[in-house]
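One-letter residues, chain by chain:
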Amino acid sequence: MKLLKVVVAAALAASIGSVWAQAKEQFIPVLSYRTGAYAPNGTPWANGFVDYLKLVNARGGLNGVKLSFEECETGYDTARSVECYERLKGKNGGASFVQPLSTGATFAITEKAPGDKIPLLSIGYGRSESADGTVFKWNFPIAGTYWVAADAIMQAIAKKEGGWDKLRGKKVTLVYHDSPYGKEPIPLLQERAGMHGFQLSLLPVAPPGVEQKATWLQIRQNRPDYVLLWGWGVMNSTALKEAVATGFPRDKMYGVWWSGAEPDVKDVGDGAKGYNAVTMQHGAEPQSKVVKEILEKVHGKGQGTGPKDEVGQVLYMRGAMSAMLGVEGIRSAQERYGKGKVMTGEQVRWGMENLNLTQAKLDALGFGGVMRPISTSCVDHMGAAWARIHTWDGGKWQFTSDWLQADEQVIKPLIRTTAAKYAQEKKLTARTPADCQS
Amino acid sequence: MIYRENGQFKTSYRADQQIFPILQDRWVIAAFILASFILVPMLASDYMFRAILIPFVIMSLAALGVNILVGYCGQISLGSGAFMAVGAYGAYNIIMRIDGMPLVPAILLGGLCATVFGMIFGLPSLRVKGLYLAVATLAAQFFADWMFLRIKWFTLNTPSGSVAISNLQVFGFPIESAHAKYVFCLAFLVVMALLAKNLVRSAIGREWMAIRDMDVAAAVIGIRPMYAKLTAFAVSSFIVGVSGALWAFVYLGAWEPAAFSVDMSFRLLFMVIIGGMGSIVGSFYGAAFITVLPIFLSQALPAVGAAFGVTISTAGITHAEFMIFGALIVWFLIVEPHGLAKLWSIGKQKLRLWPFPH
């Protein structure tokens with residue numbers, strides 16, 4: 001009997017040992033687009049994402065576990081993104097999490113991720129109702145959605161006007177990319193329009209968005225008080241140029257964060273001066289600690305991705321922050337399932353759901369001042385709903401507002417009803433408290 | 001030697017009119033179909049299924065549909081993407097609005113929606129032809145884009161305009177695993193390819209080809225152009241609509257109108273031209289060329305680069321992929337303007353005489 005126990009123990013030890021010896025790398029797929037109509041914006045994002053992963057490795061990995069990653073070019077095409085996802089999901093011991101970087105691809109992968117047991121991160125984009133973790137178990141729109149962005153913009157406008165009641169009778173126009181991405185803010189804006197009595201008109205622009213003459217002709221006719229811009233890539237600079245041509249005041253224009261980075265305004269130069277955009281927490285952060293660390297430990301060693309002077313710009317920071325949130329999800333999973341081990345997709349999902357990034361942790365990571373603390377839970381997969389407005393001064397982006405928090409009383413019911421509708425269509429039952437612990 | 005038909009005598013019309021009159025062909029095709037149902041599922045990896053085989057099978061079906069219209073009936077169409085979209089959204093609405101609607105009838109009804117849509121947009125073919133018709137069918141594409149973006153009824157009022165489907169099942173058997181999805185699509189393809197092959201061999205198929213070759217002459221010998229053209233539009237859009245439903249339901253899972261943009265129409269037309277106009281098997285070659293080759297290149301180029309010690313960036317790979325792909329299209333069309341199917345039939349002719357060509 002004793003002999004048997006010894007043999008079993010030895011066999012166990014051997015098997016654990018061999019597992020230990022093999023896989024020591026945590027694999028992260030990188031779906032990016034460096035070609036196509038949206039490349040000018042997709043490239044800095046991908047550079048920031050990859051540079052941060054390199055920085056984690058330069059810091060010594062996650063409790064000793066190094067990160068490995070592989071890029072796959074999607075060209076912002078949904079079918080291509082699905083192919084990339086299928087290609088990378090099983091590589092090198094399985095993907096820890098996936099970030100599709102496109103709303104269309106997020107919708108498609110949302111249907112696939114639960115079966116593959118891979119968490120789907122959409123940091124600041126994707127489908128807004130997926131903040132409801134009881135229905136969307138595998139989706140994590142951490143740090144904000146388009147509804148948060150739209151709400152923050154409306155708050156900033158209300159503040160500028162001197163209160164919500166001053167918005168009554170005002171005209172607000174949404175100029176949007178005609179795709180699921182561009183349509184995402186509409187339900188929230190309609191809700192707000194009903195609450196405060198402003199007039200909302202919707203002007204879609206066919207992708208990629210170079211043809212906007214008719215749109216701005218309508219704006220010239222209607223003379224709205226504010227224009228919200230939900231564009232991407234070349235559509236943004238075109239919109240700004242048209243605004244200049246139409247004579248629409250740029251300080252009455254508010255973009256979403258995809259419309260508020262350097263490539264969008266650079267071509268327009270002085271014409272874009274005064275243009276505002278909402279930032280999902282961070283803006284351009286060349287002074288932050290993490291940027292200095294990347295410059296020193298990654299670019300300084302000649303391993304940087306992309307040009308050095310782009311480090312710390314808006315989209316670069318978005319990439320870095322997206323990578324950081326994913327990596328911290330893995331770290332928090334390690335705290336429960338064993339430090340220094342490679343986590344599976346399911347374990348990372350738990351980690352994402354129990355993320356607790358305090359100010360001290362953010363400071364240690366170099367993100368102090370860049371963003372506010374975030375903690376997620378089973379019900380709340382978004383974690384925080386804070387945003388700021390920044391304004392282009394002709395040379396760089398500068399913050400022009402305090403922190404704004406999206407109004408939970410507006411957003412929560414909207415999330416709940418939309419998620420419930422999804423659950424009903426899919427015949428999903430909401431997760432039980434016991435499932436939350438798993 | 002291997003590919004020789006002497007000794008194979010036909011004693012009845014029936015035997016003479018089979019799809020594959022040569023014994024070797026019958027064996028090879030039967031073995032091929034069996035292998036794709038049994039052997040491939042045993043060998044292929046999950047990635048092979050989900051990223052290569054399933055899109056290839058669905059695109060073959062779509063190319064087959066387009067080939068009936070463009071290749072057999074000579075009606076050049078740039079609205080195939082729209083017919084796919086109508087099939088996809090039609091099947092989606094049928095399955096979501098009717099309680100307990102089974103999957104296969106829903107997909108076929110989606111195909112019927114596309115048939116009606118295709119016949120309406122096929123009406124101009126009675127007056128215009130050639131490039132003019134291609135431009136007229138572009139209207140179908142723009143109309144479908146507009147319809148599915150703007151009319152909320154079709155998307156069940158989803159706020160973002162993107163719709164999703166899951167929990168697919170046939171007779172209680174879930175179509176979730178890669179294997180099940182592949183076999184499901186393959187079954188559609190095999191049945192429809194067989195039907196299409198028989199259709200083009202029959203009287204109606206000969207009418208289509210007569211219209212394609214010279215419509216005035218066809219009308220003189222008593223073929224009704226309206227009947228022939230509209231049936232070609234109907235059959236073609238039915239097959240294309242079914243493939244659209246499969247593309248949306250099985251491959252994407254969630255989709256938006258952009259998934260069936262004008263880009264898709266062009267790709268389908270290229271598949272038919274490269275694969276071989278007026279050839280059923282050419283549709284498969286064309287689909288393989290257009291869907292599989294870019295994926296193959298994007299994976300092979302880094303490996304080739306690594307062999308020479310060069311690391312190519314992902315953007316570089318994509319650019320190289322476009323260039324090589326474009327060059328290959330030009331090269332193939334110069335070498336064999338009648339498409340890959342013609343190359344295949346030339347090969348078969350040579351094999352018949354091998355090893356003693358006269």
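Analysis parameters
Residues numbered from 1 in each chain as written. Chains lettered and ligands numbered in written order. Predicted model: local features only at pLDDT ≥ 70, side-chain atom pairs only at ≥ 80, totals over all residues. Heavy atoms only, no water. pLDDT = per-residue confidence, 0-100. Buried < 20%, exposed > 50% of the residue type's maximum accessible area, 1.4 Å probe, protein only. Helix = DSSP H or I, 4+ residues; strand = E, 2+ residues; numbered from the N terminus. Pairing = 2+ DSSP bridges. Right-handed = clockwise from strand over helix to strand, strands pointing away. Phe/Tyr/Trp six-rings, centres within 6.5 Å; stacked < 30°, edge-to-face > 60°. Lys NZ or Arg CZ within 6 Å of the ring centre and 35° of its normal. Contact = heavy atoms within 4.5 Å. Disulfide = S-S within 2.5 Å. Buried area = accessible area lost by both parts, 1.4 Å probe. Salt bridge = Lys/Arg side-chain N within 4 Å of Asp/Glu carboxyl O. Polar contact = N/O pair within 3.5 Å; in protein donor to acceptor, adjacent residues only side chain to side chain. Nonpolar A, V, L, I, M, F, W, Y, C, P; charged D, E, K, R; others polar.

## Some thoughts on the confidence of the model for chain B
Here chain B averages 91 in pLDDT, while 100% of its residues score no lower than 70. Here the complex is predicted with pTM 0.88, and the ipTM for its interfaces comes to 0.85.

## Some thoughts on the pairing of strand E1 (residues 25-32) of chain A
Residue and element names in this part refer to chain A. Within E1, seven of the eight residues are buried, which leaves the element mostly enclosed by the surrounding structure. Where E1 and strand E2 (residues 66-73) come together, eight bridges link them in parallel fashion. Residue Pro29 lies in a different strand from E2, and its bridge partner there is Glu70. In this view, the connection linking E1 to its parallel neighbour E2 by way of helix H2 (residues 39-58) has right-handed handedness.

## Focus: the packing of aromatic side chains
Applying the stated criterion across every chain, the model contains 37 aromatic pairs over all chains. Positioned above the aromatic ring of Trp138 of chain A, the side-chain terminus of Arg349 of chain A is 5.4 Å from the ring centre. For Arg97 of chain B, the ring lying beneath its charged end belongs to Trp153 of chain B, and the centroid distance is 3.9 Å.

## Some words on the environment of Ile123 of chain A
Residues and elements named next belong to chain A. Structurally, Ile123 can be placed in the loop between strand E3 (120-121) and strand E4 (139-140). Overall, the relative accessible area of 0% leaves Ile123 in the buried class. If near-sequence neighbours (up to four positions away) are discounted, Ile123 is found in contact with Gln99, Ile142, Trp257, Arg318, Met321, Ser322 and Leu325.

## Here we look at the state of the cysteines
Residues and elements named next belong to chain A. A complete count under the given rule lists one disulfide over all chains for this structure. Note that Cys72 is cross-linked by a disulfide to Cys84, the S-S spacing being 2.0 Å. Here the S-S torsion is close to -70°, and the disulfide linking Cys72 with Cys84 is therefore left-handed. Of this pair, Cys72 sits in strand E2 while Cys84 sits in helix H3 (residues 78-88), and the two are 12 residues apart along the sequence. The exposure class assigned to Cys72 is buried, which follows from its relative accessible area of 4%. For Cys84, a relative accessible area of 0% translates into the label buried.

## So, the interface of chain B and chain A
Listed by partner, the interface residues are 35 residues for chain B and 29 residues for chain A. In this assembly, chain B packs against chain A so that about 2,700 Å² is buried in total across both faces, 54% of it on carbon and sulfur atoms. The largest share of the area that chain B buries against chain A comes from Pro159, Ser160 and Thr314 of chain B, three residues that together contribute 19% of it. The interface formed by chain B and chain A contains four salt bridges. Here Arg80 of chain A and Glu321 of chain B are joined by a salt bridge, their closest N and O atoms 3.1 Å apart. Taken together, the links from chain B to chain A amount to 11 residue pairs in polar contact (both at pLDDT 80 or more). Ranked by the residues each element gives to the side of chain B that touches chain A, the list is headed by helix H13 (residues 314-335) of chain B, at five residues. The residue makeup of the side of chain B that touches chain A, split by class, is 17 nonpolar, 13 polar and five charged.

## Let's talk about H3 of chain A
Of all 11 residues that make up H3 of chain A, nine are buried, and the element is covered over most of its length. All buried positions along H3 of chain A are accounted for by Thr78, Ser81, Val82, Glu83, Cys84, Tyr85, Glu86, Arg87 and Leu88 of chain A.

## Brief notes about the side chain of Thr246 of chain A
Residue and element names in this part refer to chain A. For Thr246, the location among the structural elements is in helix H10 (residues 234-246). What makes Thr246 buried here is its relative accessible area of 19%. Of note is the side chain of Thr246, whose polar atom sits 2.4 Å from the backbone oxygen of Glu242. Among all residues touching Thr246, those that are not within four sequence positions of it are Trp216 and Arg220.

## With respect to the confidence of the model for chain A
Of all residues in chain A, 95% attain a pLDDT of 70 or more, and the chain-wide mean is 88. Across residues 10-22 of chain A the pLDDT falls below 50, and counting only partners more than four positions away or on other chains, this stretch makes two contacts in the model.

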